[in-house]
Each structure stands twice: as C-alpha cells, then as structure tokens.
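Take a look at the letters that make up each chain.
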Amino acid sequence: MHLSHYCRYLWQGPELIVITGNAARLWQGRQDYCGTHAVETGDAEASAALRRLLAAAGLAAVSLPERESWGWTLALPGSCIGLFCGIEPEGMACACLRRSEPGADTAVVQRQKEKSPLTQSTYTLTDADPARAVEGYFESAAQMLVRLALLDDGRGAFVQPLPGRAFGPLDGLGDRDLVEQCLALPGRTNVKLLDEVVLFYGCRCSDDMIISMIAALPAQQRAELWRDAAQLTVNCPRCGRAYTIARA
C-alpha cells in the first residue's frame with residue numbers, strides 16, 4: 001500500500017494553520033488500483049486534472065481538526081472533463097473521471113461528519129485548475145480565506161489564517177516558494193505540530209455493495225436497466241471499477 005504523509009501545523013506569530021503533504025504515493029496507489037481493476041485512466045489532460053484534484057482534496061481534508069467524509073464533483077470550464085474525488089475519515093481516498101456537459105462549469109461538494117447529516121454546496125467554476133476549484137469552495141461556500149499550492153512532484157501546501165489575520169510572511173509568494181517555505185517550518189520554535197495524517201488510495205466498493213445498489217432501485221427502473229440482458233456491467237461511481245452482475 002502506498003501511504004502519503006500529511007502534517008497540520010500552527011505557525012504562531014503570523015497565526016497560520018499550515019498543512020503540508022506529498023500526494024505522489026497517493027497517485028501511485030491510484031495507478032496500481034487502475035491497473036489491477038482495469039479502470040479507464042483517460043488521456044494525459046484528464047489524468048493531470050484528476051491528479052491535481054486528488055492532491056488538493058487531500059490537503060483540504062487534512063486542514064480540519066476533525067475528520068469528515070468529503071465528496072468533490074467538478075465539471076471543468078471549457079472542456080468535457082468531469083472529475084470526482086472522495087476522502088474518507090480513516091484516510092482512504094479515491095477518484096475517477098466522468099464526462100460533463102460543455103458549459104456546466106460547476107462544483108458540488110458534499111461533506112459529512114460521523115452521526116451528522118450530509119451537507120452539500122454547489123458553486124460555479126471560473127478556472128479549469130482543480131486546485132483553484134478547491135480554493136473556491138473555501139472562499140465562496142465556507143467563507144474562509146485560504147491559499148493552496150501544488151507542485152508537479154506531488155508536494156503541496158494549504159494555508160489558512162486564523163480569524164482576523166492575513167497570510168503574513170507568505171503573502172504574495174508563488175506556488176513553489178509557498179510550498180518550500182511551508183515544508184521548511186518543522187523545527188521552528190514558534191511552529192506547533194497539531195496532527196499527522198496518512199492518506200492512501202482505495203474504495204469501499206464490492207460485489208455486495210453494487211448488487212445492493214441495483215436491488216434498491218424501484219422495480220420499473222430495474223426492469224428498464226436490465227431489459228432482456230442476462231448480465232449487467234456497472235461502474236462504481238466513486239472509483240470507476242467495473243462490476244459484472246448476473247441477473248440471477
């Protein structure tokens with residue numbers, strides 16, 4: 001199993017919550033998963049977009065003091081690329097490609113704490129970069145000032161000023177400088193480690209789960225789905241893995 005390590009810090013003085021991590025091993029976990037289960041990986045453009053969403057969503061999930069279930073569904077502006085990424089409280093992450101209608105340009109974010117109702121936010125995307133889409137959620141839906149930066153090698157940083165504060169010494173930095181500054185924080189006397197989290201790639205889907213999903217449909221919808229077929233192929237909506245189910 002490929003494990004990606006993330007840390008959440010409090011930088012005292014400028015009063016910043018800083019999350020750092022490297023999603024390279026998380027992405028490698030997805031590559032292995034897709035190879036094992038013959039999941040479609042898409043072209044280079046779609047694959048790069050999905051990789052950035054997985055990295056950005058991982059940083060966002062670790063930014064919270066309490067773990068939650070997250071579901072990100074994006075229809076990127078200017079393309080037919082649709083993306084999904086889910087992060088579970090125990091650190092399991094999964095992602096898949098979806099088709100979207102041109103001009104949809106929307107993001108839907110679902111969050112749920114344990115034993116709490118699910119919440120859903122929908123907002124419009126103006127940038128095709130999934131990292132900016134994740135930033136946009138915090139700014140538009142959660143009303144929080146944040147900065148998220150990703151590098152091509154998988155390293156990333158997420159910065160959130162405490163209420164009433166600004167980005168301080170990180171203000172105006174480009175992505176590379178921001179990430180490197182944040183990764184250099186450990187060891188400073190005014191930096192406190194708040195949490196360490198491990199993320200890994202996987203999905204909870206199984207034959208039983210897919211069968212239950214089909215069985216739970218209304219009778220008419222099941223009949224339309226099956227028609228005269230002896231078996232049915234269904235893709236998990238979270239990871240894209242295909243399951244073949246016999247009618248019996």
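Before reading on, note that the structure itself is shown above.
Since we're looking at a predicted model, the values are computed, not measured.

Visitor: Residues and numbers for the nonpolar core, please.
Guide: Membership of the largest hydrophobic core comes to 63 residues, with the highest contact counts inside it found for W70 and W72. By residue number, the principal contributor to this core is helix α2 (residues 44-62), which donates 12 residues. Those residues in contact with W72 that sit more than four places away from it in its chain are L53, A57, A60, L83, F84, C85, V108, V109, Y123, A133, V134 and Y137. Among the nonpolar cores identified, the runner-up in size contains 17 residues, and C7, Y9, A149 and C182 belong to it.

Visitor: Any chance you could break down the packing of aromatic side chains for me, citing the residues and the numbers?
Guide: Scanning all chains against the criterion turns up eight aromatic pairs. With a centroid separation of 5.3 Å and an interplanar angle of 80 degrees, the aromatic rings of Y137 and F138 are classed as edge-to-face. By relative accessible area, which is 5% here, Y137 ends up buried. Look at F138 and you get buried, because its relative accessible area is 1%. Between F138 and F158, the aromatic rings sit 5.2 Å apart at their centres with planes inclined by 70 degrees, giving edge-to-face as the arrangement. With F138 in helix α3 (residues 130-141) and F158 in strand β9 (residues 155-161), this residue pair connects regions lying 20 residues apart in the sequence. Overall, the relative accessible area of 0% leaves F158 in the buried class. Through successive ring pairs, a cluster of aromatic residues spans W70, W72, Y123, Y137, F138 and F158.

Visitor: Before we move on, can you summarise the pairing of strand β12 (residues 242-246) with the specific residues and values?
Guide: Only one face of β12 is covered, namely the face carrying Y243 and I245; the face carrying A242, T244 and A246 is uncovered. Looking at chain direction, strand β11 (residues 231-235) and β12 are connected through five bridges and run antiparallel. Paired with T233 across the two strands is T244, which belongs to β12. Remark: six residues form the turn of the hairpin made by β11 and β12, two consecutive strands paired antiparallel; G240 in that turn has positive phi of roughly 85 degrees.

Visitor: Quick rundown of a nonpolar patch on the surface? Include the residues and the values.
Guide: Taken together, the side chains of M1, L3 and V198 present a nonpolar region at the surface, about 310 Å² in accessible area. By relative accessible area, M1 is classed as exposed at 73%.

Visitor: If you had to explain helix α1 (residues 24-37) to someone new, which residues and values would you point to?
Guide: Here α1 is 14 residues long and its end C-alpha atoms lie 20 Å apart, about the 20 Å a rise of 1.5 Å per residue gives. Taken as a whole, α1 has its buried residues at L26, W27, G29, R30, Y33 and C34. Within α1, the buried residues cover an arc of 150 degrees as seen down the axis, which keeps them to one side. The exposed residues of α1 that point more than 90 degrees off its buried face are G35 and T36. Looking at the buried positions of α1, the neighbouring elements they touch are β1 (3-11), α2, β5 (92-99) and β10 (191-201).

Visitor: Give a description of the sheet that holds strand β7 (residues 119-124) that names residues and reports values.
Guide: The strand order across the open sheet formed by 10 strands is β7-β6-β3-β4-β5-β10-β1-β2-β9-β8, and the pairing between neighbours is mixed. Either end of the sheet is taken by a strand with one partner, and the two such strands are β7 and β8 (147-150). For this sheet, the mean inter-axis angle between neighbouring strands, taken without regard to orientation, is 20 degrees. Of the strands in this sheet, β1, β2 (16-22), β3 (69-75), β4 (81-87), β5, β8, β9 and β10 are in contact with α2, which crosses β4 at around 30 degrees. Sitting on the sheet, helix α4 (residues 175-183) is in contact with β2, β8 and β9, with an inclination near 80 degrees to β9.

Visitor: Before we move on, could you go through the environment of R247 and cite the residues and values that matter?
Guide: Along the polypeptide, R247 turns up in the segment after β12. Overall, R247 belongs to the partly exposed group, its relative accessible area being 45%. Distance from R247 to A230, taken between C-alpha atoms, is 5.4 Å for residues 17 residues apart in sequence.

Visitor: Which residues make up the state of the cysteines, and what values go with them?
Guide: Under the defined criterion, the tally for this structure stands at zero disulfides. No disulfide involves C236; its sulfur sits 3.8 Å from that of C203, the nearest cysteine.

Visitor: Which residues make up the environment of L3, and what values do they have?
Guide: Looking at the element boundaries, L3 is found in strand β1. Discounting residues that sit within four places of it in the chain, L3 has contacts with R25, V198, L199 and F200.

Rules of the game
- Residues numbered from 1 in each chain as written.
- Predicted model: local features only at pLDDT ≥ 70, side-chain atom pairs only at ≥ 80, totals over all residues.
- Heavy atoms only, no water.
- Core = buried A, V, L, I, M, F, W, Y, C linked by side-chain atoms within 4.5 Å.
- Buried < 20%, exposed > 50% of the residue type's maximum accessible area, 1.4 Å probe, protein only.
- Helix = DSSP H or I, 4+ residues; strand = E, 2+ residues; numbered from the N terminus.
- Contact = heavy atoms within 4.5 Å.
- Phe/Tyr/Trp six-rings, centres within 6.5 Å; stacked < 30°, edge-to-face > 60°.
- Pairing = 2+ DSSP bridges.
- Patch = residues over 30% accessible without salt bridge, like charges linked within 9 Å, V, L, I, M, F, W, Y side chains within 5 Å.
- Areas by Shrake-Rupley, 256 points an atom, 1.4 Å probe, with all protein chains shown as cover.
- Salt bridge = Lys/Arg side-chain N within 4 Å of Asp/Glu carboxyl O.
- Expected span 1.5 Å × (residues − 1).
- Arc of directions from axis to C-beta.
- Axes fitted to C-alpha atoms, helices over the stretch in contact; angles between N-to-C directions.
- Disulfide = S-S within 2.5 Å.

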